[in-house]
Amino acid sequence: MAHAVAARFITKLVDVQSSGGVAQVVLTGGRVAAVVYRAVAESPARSAIDWRRVEFWWGDERFLPDGDPERNETQARDALLSRVDVDPDRVHPMPADSGQGPEAAAEAYAATLAAAAGSGDDLPTFDVLMLGVGPDGHVASLFPEHEGLQVEDRPAIAVHGAPKPPPTRISLTFPMLNRAHEVWFVVSGEDKAKAVGLALSGAADLPASAPKGLDRTLWLVDEAAAQEINHI
Ligand SMILES: O=C(O)[C@H](O)[C@@H](O)[C@H](O)[C@H](O)COP(=O)(O)O
């Protein structure tokens, strides 16, 4: 699955860049994402992308010190960003824990997003936004029954008490996650099958049910994760 997602990712970026623009990509964290990033880095087709014309954002981050191996930024740099010729000014990690607290970090990221907005807009739009899905149906760091699910007035928030460690995180909110032309759910493993089935049946209270692409929403799942998809 990872190689298939990597091939689709490369094709999509080539397509976006063919119009001369900068491809706007939102990365996620987790094991599956890391496998996909490595597959992209190892793909012979990676040279078809002008990596200096790709802008990288994150959908969420573990609020840990800079360089912590558990940070989604660290994972993405190790698996992909350090292996292709990215423009450092176009890589926008969510702030690390450097004493300022997660609320200030989320506000700083919101300001970075606003500064990247196109003319006449207050926030950027993305070309591809990747999301992993937790067994509980969380996406990014938006967990079931957490207050962050209701936030509509800010693009990024601090998250406390996350059930998936570490407990303190930064996350984009649903309004920001929904500013992507394409949302890609990348899901692997039997432990996600229930969440995938519920999300695709539109379970209202499941975080994974909410993000939708402006143009397309893709579920890129392996057989194990697809086991409970009802015949739609
Ligand atoms: O910070 C994180 O952990 C992620 O952003 C999180 O949303 C992840 O994508 C899912 O939990 C799936 O993770 P796995 O692929 O490891 O199951």
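Reading the values: rules and limits
Residues numbered from 1 in each chain as written. Predicted model: local features only at pLDDT ≥ 70, side-chain atom pairs only at ≥ 80, totals over all residues. Heavy atoms only, no water. Pairing = 2+ DSSP bridges. Helix = DSSP H or I, 4+ residues; strand = E, 2+ residues; numbered from the N terminus. Axes fitted to C-alpha atoms, helices over the stretch in contact; angles between N-to-C directions. Buried < 20%, exposed > 50% of the residue type's maximum accessible area, 1.4 Å probe, protein only. Right-handed = clockwise from strand over helix to strand, strands pointing away. Near = heavy atom within 4 Å. Polar contact = N/O pair within 3.5 Å; in protein donor to acceptor, adjacent residues only side chain to side chain. Areas by Shrake-Rupley, 256 points an atom, 1.4 Å probe, with all protein chains shown as cover. Parallel < 35°, antiparallel > 145°, perpendicular 65-115°, else oblique. Left-handed = near helix turned anticlockwise from the far one by under 90°. Contact = heavy atoms within 4.5 Å. Nonpolar A, V, L, I, M, F, W, Y, C, P; charged D, E, K, R; others polar. Phe/Tyr/Trp six-rings, centres within 6.5 Å; stacked < 30°, edge-to-face > 60°.

1. Some words on the sheet that holds strand 3 (residues 60-62)
Reasoning step 1: Judged by pairing direction, the sheet is antiparallel, and its three strands sit side by side in the order 3-6-5 without closing on themselves. Each of the sheet's edge strands pairs with one partner strand only, and the pair in question is strand 3 and strand 5 (156-159). With direction set aside, neighbouring strand axes in the sheet form an average angle of 15°.
Reasoning step 2: By the bridge criterion, three bridges tie strand 3 to strand 6 (residues 169-172) in an arrangement that is antiparallel. Bridged to Glu-61 within strand 6 is Ile-170.

2. Topic: the pairing of strand 2 (residues 54-58)
Looking along a regular strand, one sees the side chains alternate between the two faces of the sheet.
Reasoning step 1: Across the five residues that make up strand 2, a large majority, five, are buried.
Reasoning step 2: What you see with strand 2 is no split at all: Val-54, Phe-56 and Trp-58 on one side and Glu-55 and Trp-57 on the other are buried throughout.
Reasoning step 3: Where strand 1 (residues 23-27) meets strand 2, five bridges bridge the pair, whose relative direction is parallel. If you follow Gln-24 over to strand 2, its bridge partner there is Glu-55.
Reasoning step 4: Note on the crossover from strand 1 through helix 2 (residues 31-42) to strand 2: the handedness is right-handed.

3. A short note on the site of the ligand
Reasoning step 1: For the ligand, the set of nearby residues contains 15 residues, the closest of which are Arg-31, Asp-60, His-138, Lys-164 and Lys-192.
Reasoning step 2: One of the side-chain nitrogen or oxygen atoms of His-138 is found 2.6 Å away from an oxygen atom of the ligand.
Reasoning step 3: Arg-169 has a polar side-chain atom sitting 2.8 Å from an oxygen atom of the ligand.
Reasoning step 4: Within the complex, the protein chains bury 96% of what would otherwise be the 420 Å² of accessible surface of the ligand.
Reasoning step 5: Among the secondary structure elements, those contributing two or more residues to the shell around the ligand are helix 2 and strand 3.

4. What to know about the packing of helix 1 (residues 2-17) against helix 2
Reasoning step 1: Packing of helix 1 against helix 2 leaves a shortest axis separation of 8 Å and a crossing angle of 60°. Judged on the interaxial angle alone, helix 2 and helix 1 are oblique. Helix 2 is crossed by helix 1, and the crossing has right-handed handedness. Here Ala-2, His-3, Val-5, Ala-6, Phe-9 and Ile-10 of helix 1 come into contact with helix 2, specifically with Val-35, Val-36, Ala-39 and Val-40.
Reasoning step 2: The residue inventory of the contact of helix 1 with helix 2, partitioned by class, reads nine nonpolar, one polar and no charged.

5. A closer look at the packing of aromatic side chains
Reasoning step 1: Tallying each qualifying case throughout the model produces five aromatic pairs.
Reasoning step 2: With a centroid separation of 6.1 Å and 75° between ring planes, the pair formed by Trp-57 and Tyr-109 is classed as edge-to-face. Of this pair, Trp-57 sits in strand 2 while Tyr-109 sits in helix 4 (residues 102-115), and the two are 52 residues apart along the sequence.
Reasoning step 3: With a relative accessible area of 1%, Tyr-109 lands in the buried category.

6. Topic: the side chain of Ser-209
Reasoning step 1: Looking at the element boundaries, Ser-209 is found in the loop between helix 6 (193-200) and strand 8 (216-221).
Reasoning step 2: Setting aside its immediate chain neighbours within four residues, Ser-209 contacts Leu-198, Ala-199, Gly-202 and Ala-203.

7. A closer look at unusual backbone geometry
Backbone geometry follows two general trends: most residues other than glycine have a negative phi, and most peptide bonds adopt the trans configuration.
Reasoning step 1: A cis geometry characterises the amide bond from Pro-165 onward to Pro-166, with omega recorded as 0°.
Reasoning step 2: Secondary-structure assignment places Pro-166 in the loop between strand 5 and strand 6.
Reasoning step 3: Of note, the phi angle at Ala-140 is positive, near 50°, even though the residue is not glycine.
Reasoning step 4: A positive phi angle is found at Glu-145, which is not glycine, with a value near 65°.
Reasoning step 5: Structurally, Glu-145 is set in the loop between strand 4 (126-131) and strand 5.

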